[in-house]
Amino acid sequence: MIRSLSWILVSAMTVSGCAGPIQTRATTHQLIAPPEQASFVLSPIDAVANHDTALARDLVTEALSRKGYQMASDASILVHVALSDRPADIAINAGDQEAEKLIAAAKKQKRFQSCSDREHRLTISLFDQVRGAKLYSGSAAEYHCNGTIAQSLPFLVDSALSGLDNDAGDAPRSTIRTRQGIE
């Protein structure tokens, strides 16, 4: 009986390393006010065809449409969508030695976690082509042990666009949203 209870506890702790709260970390920045005519076009597709990137572009198009933006070939707003998937235990820095900036910190693996985390990151940038200026940028990222990018995308798109059409500001806004799910 005691031996069975021990195995149940060990099994429960192992499984708990992969299920639990998922944090969606987002940074948004409305740089300038959007134009009155809210029409957009997606940037040309990259040379490498990727199912997840195509899905991300479709979800961004749907989200912008729900916010009142219309897709048009002669649009004033150019939308760029970037998607990445990387091992979460690797940090990413940018810049030179004098002005190095941390883009993504390395994540430590949780105790009793059975697999290595990956970071799914989506970045959406809107450019006002008439004024020649960046209009908005939003990025969202999540850590996952077993989850796929396709499963993350609806939450990443929602978070990355959460600051769109807010008042223009000098500094980016950071938020963390938490939900239950399989990491």
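Our subject is the structure listed above.
Residues numbered from 1 in each chain as written. Predicted model: local features only at pLDDT ≥ 70, side-chain atom pairs only at ≥ 80, totals over all residues. Heavy atoms only, no water.

A.B. asks: Can you lay out the pairing of strand β4 (residues 77-87) for me, pointing to particular residues and giving the numbers?
C.D. replies: Pairing between strand β2 (residues 39-42) and β4: three bridges, direction parallel. Note that in β4 the partner of V41 across the bridge is L78. One ladder, built from eleven bridges, connects β4 with strand β7 (residues 118-128); its direction is antiparallel. By the bridge assignment, R86 is partnered in β7 with E119. (Pairing = 2+ DSSP bridges. Helix = DSSP H or I, 4+ residues; strand = E, 2+ residues; numbered from the N terminus.)

A.B. asks: Now, about the pattern of salt bridges: what can you tell me, with residues and values included?
C.D. replies: On inspection of all chains with the given rule, the structure shows seven salt bridges. Where E119 meets R25, a salt bridge forms, and the shortest distance between an N and an O atom there is 2.6 Å. Taken together, the residues E119 in strand β7 and R25 in strand β1 (residues 19-30) connect sequence positions 94 residues apart. Residue E119 is classed as buried on the basis of its relative accessible area, which comes to 1%. We note a salt bridge from R131 to D128, for which the minimum N-O separation is 2.6 Å. A residue is classified by how much of its surface remains accessible, and R131, at 45% relative accessible area, is partly exposed. Where salt bridges share partners, they join R25, R86, E119 and R121 into one cluster. (Salt bridge = Lys/Arg side-chain N within 4 Å of Asp/Glu carboxyl O. Buried < 20%, exposed > 50% of the residue type's maximum accessible area, 1.4 Å probe, protein only.)

A.B. asks: So what about the environment of S174? Which residues, and what values?
C.D. replies: Along the chain, S174 turns up in strand β9 (residues 173-182). Remark: the alpha-carbon pair of S174 and T27, spanning 147 residues in sequence, is separated by 4.4 Å. Contact partners of S174, with chain neighbours within four places excluded, come to A26 and T27. (Contact = heavy atoms within 4.5 Å.)

A.B. asks: Before we move on, could you go through helix α2 (residues 51-66) and cite the residues and values that matter?
C.D. replies: The end-to-end C-alpha distance of α2 is 23 Å, a good match for the 22 Å that 16 residues give at a rise of 1.5 Å each. Buried residues in α2 make contact with β2, β3 (70-71), β4, β7 and α3 (149-160). The distance from a side-chain oxygen at the start of α2 to the backbone nitrogen of D52 is 2.7 Å, and the residue carrying that oxygen is N50. Downstream of α2 by a residue or two, G68 has a phi angle that is positive, lying close to 95 degrees. (Expected span 1.5 Å × (residues − 1). Polar contact = N/O pair within 3.5 Å; in protein donor to acceptor, adjacent residues only side chain to side chain.)

A.B. asks: Account for the environment of H51, with residues named and values stated.
C.D. replies: Residue placement: H51 occurs in helix α2. Judged by relative accessible area, H51 falls into the exposed class, the value being 63%. For the pair H51 and A150, spaced 99 residues apart in sequence, the C-alpha separation works out to 9.1 Å.

A.B. asks: An account of the side chain of T61 is requested, with residue identities and associated values reported.
C.D. replies: Position of T61 relative to the elements: it lies in helix α2. Within the local environment of T61, its side chain forms a polar contact with the backbone oxygen of R57, the two atoms lying 2.9 Å apart. Apart from the residues lying within four places of it in its own chain, the contact partners of T61 are F40, L42 and M71.

In short, geometric facts, not functional conclusions.
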